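This is what each chain is made of:
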Amino acid sequence: MYRSNANVLHSGFWQLLIRYNTIFFSMALKGIKVIELAGLAPVPYCGMILSDFGARVIRIDRPYAPNIDCLGRGKQSICVDLKKKEGTDVVKKLCSQVDVLVEPFRPGVMEKLGLGPEVLTASNPRLIYARLTGYGQTGLFSHKAGHDINYISISGILSKLGKRDEPPLPPVNLAADFGGGGLICALGIVMALHARHSSGLGQVIDANMVEGSAYLGSWIDGSDVIFNKPRGYNLLDGGSAFYSTYETKDGKYVSVGALEDKFYKDLIKGLGLYNQNISQTDDQDKQKELFAKIFLTKTRDEWTEVFKNLDACVTPVLTAEEAAVHPHNASKGTFQKSMQPPSLMANPAPRMSRTPEIRQYRPLPEIGQHTFEVLREFGYSQMDINGLIKAGAVVEASKL
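The model shown is predicted, which means the values in this text are computed figures rather than measured ones.

1. So, the sheet that holds strand β9 (residues 314-316)
Sheet architecture is open: 3 strands sit in the order β7-β8-β9, paired in antiparallel fashion. The open sheet has two edge strands with one neighbour each: β7 (243-247) and β9. Within the sheet, the average angular offset between the axes of one strand and its neighbour, ignoring direction, is 20 degrees. Together, β7 and β8 (253-257) form the strand contacts of helix α11 (residues 284-295), whose direction differs from that of β7 by roughly 40 degrees.

Okay, here's the thing in C-alpha cells:
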C-alpha cells in the first residue's frame, strides 16, 4: 500500500512539474514583448489576450490618470509623460527592443508625438505596429470621435439588433470594442508575428472597429434565409417562438434554442404539449404567447430540472456569479476569482493542448508600479532614471 501511494505521489509530482514547465516555458506567445499604450476597453482587451497566452505586456500609463483598466491582469505598468520629449524618447527606446506596439489614438496623434510607424520601425524593422481605432487610419470619419454604438451603426450591424417595431438596441459595447476591436486586433498581431517568421519584417496593422464589427457580422449580412425580414421577425432575432427567452415564475429567465425538429419535439414534450397538434411552422406570435404562459407556471430551476434529460436546447439564463458555480463551468474552471475588482473574470479561451494559456490569478498592476524595474531592464542606469524623474518624464508609483 505504501509503495502504491508513493507511486501515485511520484506520478502526481511529475504531472505538476510537467504542467509548470508547459505553462512557463511553452506558452504560445512566450518571449514576445508588447508595449501597450493605455486606452479604454479595446486596446486593454487586446493586450490581455496577448498576456494570457504568454506575451509580456508592458502598459504605458499617463501620470495621474485614473486606473480604470480591469483587463490588466499579468501586465506591467510604467508611467511616462508623452508630452515631454524625454518621455517619448523612453517609448522609442523601449520600442527598439520589443516585438509589438499597440496604440489607441486617432490618426496623426502618434506622428505628432514623434512616435509614428516610420520613426519606430526605422530602428526596429521587426516591430509590429498595431493601430486600433474606431474608424481607421483613412476615410471620411477617420478623425471623428465615436464609441461602440457609433461604430456598429456605421457598419450596418446595429440596424439588425433589437426588438421588432422598437429602436435598435446595442449589445452593450461587445460588438465593436471587443469582438470587432480588441479581438480582431489581437488576431492581426498573431498573423503578423507568423508572417515575420518568413520575412523577418514587422508591419503596420490598421485595426478599426467599423470594419471589425462589419466583419464580425459577415454571416448576418450574407444569410438570405436567416435574416431576410425586418428586425425582430427573423429566425434568430426574436421572431421565432422556439428561439427566444421566457420569464419564469420567480422572475428569472430561460433561453430556448430548439431550432432543429428533433430538439423542437423535446421542447414540446417538456412543456407538456405533446398531445396537441403543434408545429414549428405554426403562427410564431401565437406560439410564443402559449410558451410564455407555460413557462410562467414554474421557476427557472424547476424548468431546468424538467429539461435536464431532454435535448430541447433549453438552459437557464444565469448571472455571472451563477455561471461561475454552474456544474459545467465549475468543472472546467471557466472562471477565476480575483482578489481585486472585478472579483470574477473569465479564464482565457481557447484552450491549447501543448502551449496552454495562463489560467491562474495574476494581479492588476498599479499605475507606474514597474517603472524602475522596466527602465533598468531596457538599459537605463540609476542616474538616467533620476534624470527622467527630475524632468517629469517618468513618475514612480508612490508619487502618484
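2. Notes on the pattern of salt bridges
This model, assessed by the stated rule, comprises 20 salt bridges. Its salt-bridge partner being E36, residue K75 comes within 2.8 Å of it at the nearest N-O pair. Of this pair, K75 sits in the loop between β2 (56-61) and β3 (76-79) while E36 sits in strand β1 (residues 33-37); the two residues are 39 residues apart in sequence, bridging distant segments of the chain. The pair K75 / E36 is uniform in exposure class, with both members buried. Between R56 and E377 there is a salt bridge, with its nearest N and O atoms 2.5 Å apart. One end of the pair, R56, is in strand β2; the other, E377, is in helix α15 (residues 371-377), with 321 residues separating them in the sequence. R56 gets classed as partly exposed once you look at its relative accessible area, which sits at 22%.

3. Examining a nonpolar patch on the surface
Taken together, the side chains of L140, F141 and I154 present a nonpolar region at the surface, about 340 Å² in accessible area. With respect to the helices, strands and loops of the structure, I154 is situated in helix α6 (residues 148-155).

4. Examining the nonpolar core
Among the nonpolar cores identified, the biggest contains 27 residues, and I35, V90, L94, L101 and L375 are the most heavily contacted of them. Broken down by secondary-structure element, the contributors of at least two residues to this core are β1, β2, α3 (85-95), α15 and α16 (382-391). Considering every element that reaches this core, the biggest residue donor is α3, with 4 residues. Judged by nonpolar contacts, the second largest core, of 22 residues, contains V34, C46, V102 and A192.

5. Some details on the environment of V57
When you line up the elements, V57 lands in strand β2. For V57, a relative accessible area of 0% gives the class buried. Separated by 324 residues in sequence, V57 and S381 place their C-alpha atoms 22 Å apart. If we skip the residues at most four places from it in the chain, V57 touches V34, E36, G47, L50, S51, K75 and Q76.

6. Focus: the environment of L94
By the secondary structure assignment, L94 is in helix α3. Here L94 falls in the buried class, since its relative accessible area comes to 0%. For the pair formed by L94 and L120, sequence separation is 26 residues and the distance between their alpha carbons is 9.8 Å. Ignoring any residue separated from it by four or fewer positions in sequence, one finds L94 in contact with I35, I78, V374, L375, F378 and Y380.

7. Notes on the packing of helix α2 (residues 42-52) against helix α7 (residues 174-199)
Between α2 and α7, the least distance of the axes is 8 Å, while the angle of their chain directions is 45 degrees. Taken together, α2 and α7 sit at an angle that is classed as oblique. At the point where α2 passes α7, the crossing takes the right-handed sense. Here P42, Y45, C46, I49 and L50 of α2 come into contact with α7, specifically with D177, F178, G182, L183, C185, A186 and I189. Partitioning the contact of α2 with α7 into residue classes produces 10 nonpolar, 1 polar and 1 charged.

8. Thoughts on α7
Of all the bends in α7, the greatest measures close to 30 degrees and is centred on I184. G200, located one to two residues past α7, shows a positive phi value of around 75 degrees.

9. Considering the sheet that holds strand β4 (residues 100-103)
Strands belonging to one sheet form pairs held by backbone hydrogen bonds; the direction of such a pair is parallel or antiparallel. The strand order across the open sheet formed by 6 strands is β3-β2-β1-β4-β5-β6, and the pairing between neighbours is parallel. Lying at the two open borders of the sheet, with one neighbouring strand each, are β3 and β6 (204-208). Neighbour-to-neighbour, the strand axes of the sheet open up by a mean angle of 20 degrees, direction not taken into account. Two strands pair when backbone bridges link them, and β1 and β2 are joined in this way by 5 bridges, in the parallel orientation. Paired with E36 across the bridge in β2 is R59. Sitting on the sheet, α2 touches β1, β2, β4 and β5 (128-133), and the angle it makes with β1 is about 165 degrees.

10. Considering the pairing of β5
Counting buried positions over the 6 residues of β5 gives 6, a clear majority of the element. Covered by surrounding structure in β5 are I128, A130 and L132 together with Y129, R131 and T133, the residues of both alternating faces. The pairing of β5 with β6 spans 5 bridges and is parallel. Directly across from Y129, in β6, lies its bridge partner V204.

11. A closer look at unusual backbone geometry
In this structure, P350 follows A349 across a cis peptide bond, with omega equal to 5 degrees. Mapped onto the secondary structure, P350 falls in the loop between β11 (344-346) and α15. Positive phi values are uncommon outside glycine, yet Y64 reaches one of about 65 degrees. Mapped onto the elements, Y64 comes out in the loop between β2 and β3.

Conventions we followed
- Residues numbered from 1 in each chain as written.
- Predicted model: local features only at pLDDT ≥ 70, side-chain atom pairs only at ≥ 80, totals over all residues.
- Heavy atoms only, no water.
- Pairing = 2+ DSSP bridges.
- Helix = DSSP H or I, 4+ residues; strand = E, 2+ residues; numbered from the N terminus.
- Axes fitted to C-alpha atoms, helices over the stretch in contact; angles between N-to-C directions.
- Contact = heavy atoms within 4.5 Å.
- Salt bridge = Lys/Arg side-chain N within 4 Å of Asp/Glu carboxyl O.
- Buried < 20%, exposed > 50% of the residue type's maximum accessible area, 1.4 Å probe, protein only.
- Patch = residues over 30% accessible without salt bridge, like charges linked within 9 Å, V, L, I, M, F, W, Y side chains within 5 Å.
- Areas by Shrake-Rupley, 256 points an atom, 1.4 Å probe, with all protein chains shown as cover.
- Core = buried A, V, L, I, M, F, W, Y, C linked by side-chain atoms within 4.5 Å.
- Parallel < 35°, antiparallel > 145°, perpendicular 65-115°, else oblique.
- Left-handed = near helix turned anticlockwise from the far one by under 90°.
- Nonpolar A, V, L, I, M, F, W, Y, C, P; charged D, E, K, R; others polar.
- Bend = angle between axes of the 7 residues up to and from the residue.

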